[in-house]
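Analysis of the macromolecular model
The chain contents come next:
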Amino acid sequence: MSSTTTISLNDSNAIPQLGLGVWKADGGQEVEQAVLHALSAGYRLIDTAMVYQNEDGVGRAIAQSGIDRQELFITTKLWNSDQGADKVRPALLASLERLKLDYVDLYLIHWPMPARGLYVETWKELIKLQSEGLIKTIGVSNFNIEHLEELKKHTSVLPAVNQVELHPYFQQRELREYCHANSIRVESWSPIGGSTGDLLNNDTLQELAAKYGKSPAQVVIRWHLQHGLIVIPKSTNQSRIQENIDVFDFELSSEHMVLIDSLETGKRFGPDPASMNIH
Ligand SMILES: NC(=O)c1ccc[n+]([C@@H]2O[C@H](COP(=O)([O-])OP(=O)(O)OC[C@H]3O[C@@H](n4cnc5c(N)ncnc54)[C@H](OP(=O)(O)O)[C@@H]3O)[C@@H](O)[C@H]2O)c1
């Protein structure tokens with residue numbers, strides 16, 4: 001069994017640096033088996049969301065695993081339609097019920113949805129729920145610098161984590177620098193290019209993989225880890241789940257890190273948070 005490194009957060013909790021993402025895993029057997037495979041391979045961080053409709057299955061796998069609750073790090077997210085002062089608590093309680101947990105380790109506002117103007121009051125609710133012990137760590141997802149600046153202006157608590165689209169084709173350098181300066185950890189979604197992109201077929205990544213005797217996915221996951229990012233590759237396939245955690249026995253040279261840094265395209269695969277307002 002492999003184990004992952006952990007990194008400290010601004011609220012003095014710690015998060016495993018590598019976890020399993022479960023977006024698009026169906027909420028029945030598929031997600032349950034994937035989480036069980038991941039836990040037995042040594043993963044301790046599982047990243048789900050209300051909108052993935054698989055929190056129930058994640059909860060069943062956690063219960064079956066027999067692993068101590070304190071050893072696990074479970075993330076879920078508040079969906080866009082649940083933003084607003086009076087909606088957050090019921091949404092969190094419903095997620096906890098589906099997960100069969102008393103608390104989540106990390107709760108994220110899924111998207112800022114700036115056009116609705118509700119994310120600051122939503123953030124204030126997360127702060128309250130954290131003080132009640134229903135959430136250990138509070139964070140956000142898909143927040144640009146301007147959205148983080150608004151939280152800073154109106155509250156005294158900055159997110160511990162900002163989960164954003166981040167991979168070698170879209171590296172978010174300015175946002176990463178801002179987060180670093182404000183003690184916010186960055187977590188990479190679609191870290192290996194997502195299910196529709198063709199990142200792993202990139203020639204440079206294929207050549208590096210051959211050089212290190214690793215797969216392109218392992219090289220990319222290693223690039224995230226060496227940049228100090230939290231990384232949550234999704235897979236429902238047992239051998240790829242194992243492959244994605246077998247990344248602690250090699251190190252990319254600084255020259256090869258720079259080579260991967262040079263793959264930036266400036267183009268997202270996913271929506272732009274500044275204009276994403278679907279709820
Ligand atoms: N906050 C947000 O708005 C947001 C948005 C998107 C994603 N996320 C989170 O981030 C997680 C990861 O992002 P993602 O699911 O978009 O993309 P990803 O993890 O970059 O890529 C997943 C795709 O890669 C395949 N794959 C996994 N391991 C592989 C390997 N070793 N070699 C080749 N292919 C491999 C998977 O297929 P198989 O399953 O068949 O292996 C799947 O098609 C999500 O699951 C979710 O938890 C959050």
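A brief look at the structure comes next.

**Overview of the overall build of the protein**
On a plain count of helices and strands, the protein comes out with ten helices and ten strands. Against the globule reference of 19 Å for 279 residues, the protein gives a C-alpha radius of gyration of 18 Å, in line with a compact fold. Across the 279 residues of the protein, 48% fall into the buried class. Sequence-distant contacts in the protein: of pairs separated by 6 or more residues, those separated by 24 or more amount to 74%.

**Some thoughts on the site of the ligand**
Surrounding the ligand, one finds 27 residues, the nearest of these being G21, W23, S195, A217 and K234. Residue contributions to the shell around the ligand peak at three residues, all from helix α9 (residues 238–245). Looking at the shell around the ligand, its residues break down into nine nonpolar, 14 polar and four charged.

**Overview of the packing of helix α1 (residues 29–41) against α9**
Between α1 and α9, the least distance of the axes is 9 Å, while the angle of their chain directions is 35 degrees. Along this stretch, α1 crosses α9, giving a crossing that reads as right-handed. Across the interface between the two elements, A34, H37, A38 and A41 from α1 touch Q238, I241, Q242 and I245 from α9.

**So, unusual backbone geometry**
The backbone phi angle of K100 is positive, close to 60 degrees, even though this residue is not glycine. The topology assignment puts K100 in the loop between α3 (88–99) and β6 (104–109). The backbone phi angle of S190 is positive, close to 45 degrees, even though this residue is not glycine. Following the sequence through the fold, S190 ends up in the loop between β9 (185–189) and α7 (203–212).

**Quick word on the sheet that holds strand β3 (residues 19–21)**
Either a parallel or an antiparallel arrangement is found when strands of a sheet pair, and the pairing is made through backbone hydrogen bonds. Overall, parallel pairing links the eight strands, which are arranged β3-β4-β5-β6-β7-β8-β9-β10 in an open sheet. A strand with exactly one partner marks an edge of an open sheet, and here the two such strands are β3 and β10 (230–231). By the bridge criterion, four bridges tie strand β5 (residues 73–78) to β6 in an arrangement that is parallel. Residue pairing across strands places L78 opposite I109, the latter belonging to β6. With respect to the sheet, α3 is in contact with β5 and β6, its orientation differing from that of β5 by roughly 140 degrees.

**Remarks on helix α2 (residues 55–65)**
Since the α-helix packs 3.6 residues into each turn, any two residues three or four apart lie on the same face. For α2, the complete set of buried residues consists of E55, G57, V58, G59, R60, A61 and I62. On its buried side, α2 packs onto α1, β4 (45–47), β5 and α3.

**So, the environment of R173**
Among the secondary structure elements, R173 is positioned in helix α6 (residues 173–181). Residue R173 is classed as exposed on the basis of its C-beta count, with 11 C-beta atoms lying within 10 Å. Expressed as a C-alpha distance, the spacing of R173 and E264, which sit 91 residues apart in the sequence, is 9.8 Å.

Criteria and cut-off values
Just so you know, the residues in each chain are numbered from 1, in the order the chain's sequence is written. Only residues with pLDDT of at least 70 are given local features in this predicted model, and only at 80 or more are side-chain atom pairs given and counted; all residues enter the totals for whole chains, interfaces and linings. Runs of E in the DSSP output that reach at least two residues are strands. Runs of H or I that reach at least four are helices, and both are numbered from the N terminus. For the radius of gyration, the atoms used are the C-alpha atoms, and the globule rule reads 2.2 Å times the number of residues raised to 0.38. For the exposure call, what matters is how many other C-beta atoms sit within 10 Å of a residue's own: 20 or more marks it buried, 12 or fewer exposed, and in between partly exposed, using C-beta atoms placed from the backbone. Each residue gets a C-beta atom placed from its backbone, and two residues are in contact if those atoms lie within 7 Å. Nearness here has a simple definition: the residue's C-beta atom, placed using the backbone, must lie within 6 Å of the molecule or strand. Each residue is assigned to one class: nonpolar for Ala, Val, Leu, Ile, Met, Phe, Trp, Tyr, Cys and Pro, charged for Asp, Glu, Lys and Arg, and polar for all the others, Gly among them. Axes, fitted as lines to C-alpha atoms, cover a helix only where it is in contact. Angles between the N-to-C directions of the axes lie from 0 to 180 degrees. By definition, any crossing whose near helix is turned counterclockwise from its far helix by less than a right angle is left-handed, and any crossing with a clockwise turn is right-handed. A pair of strands counts as paired when DSSP detects no fewer than two bridges linking them.

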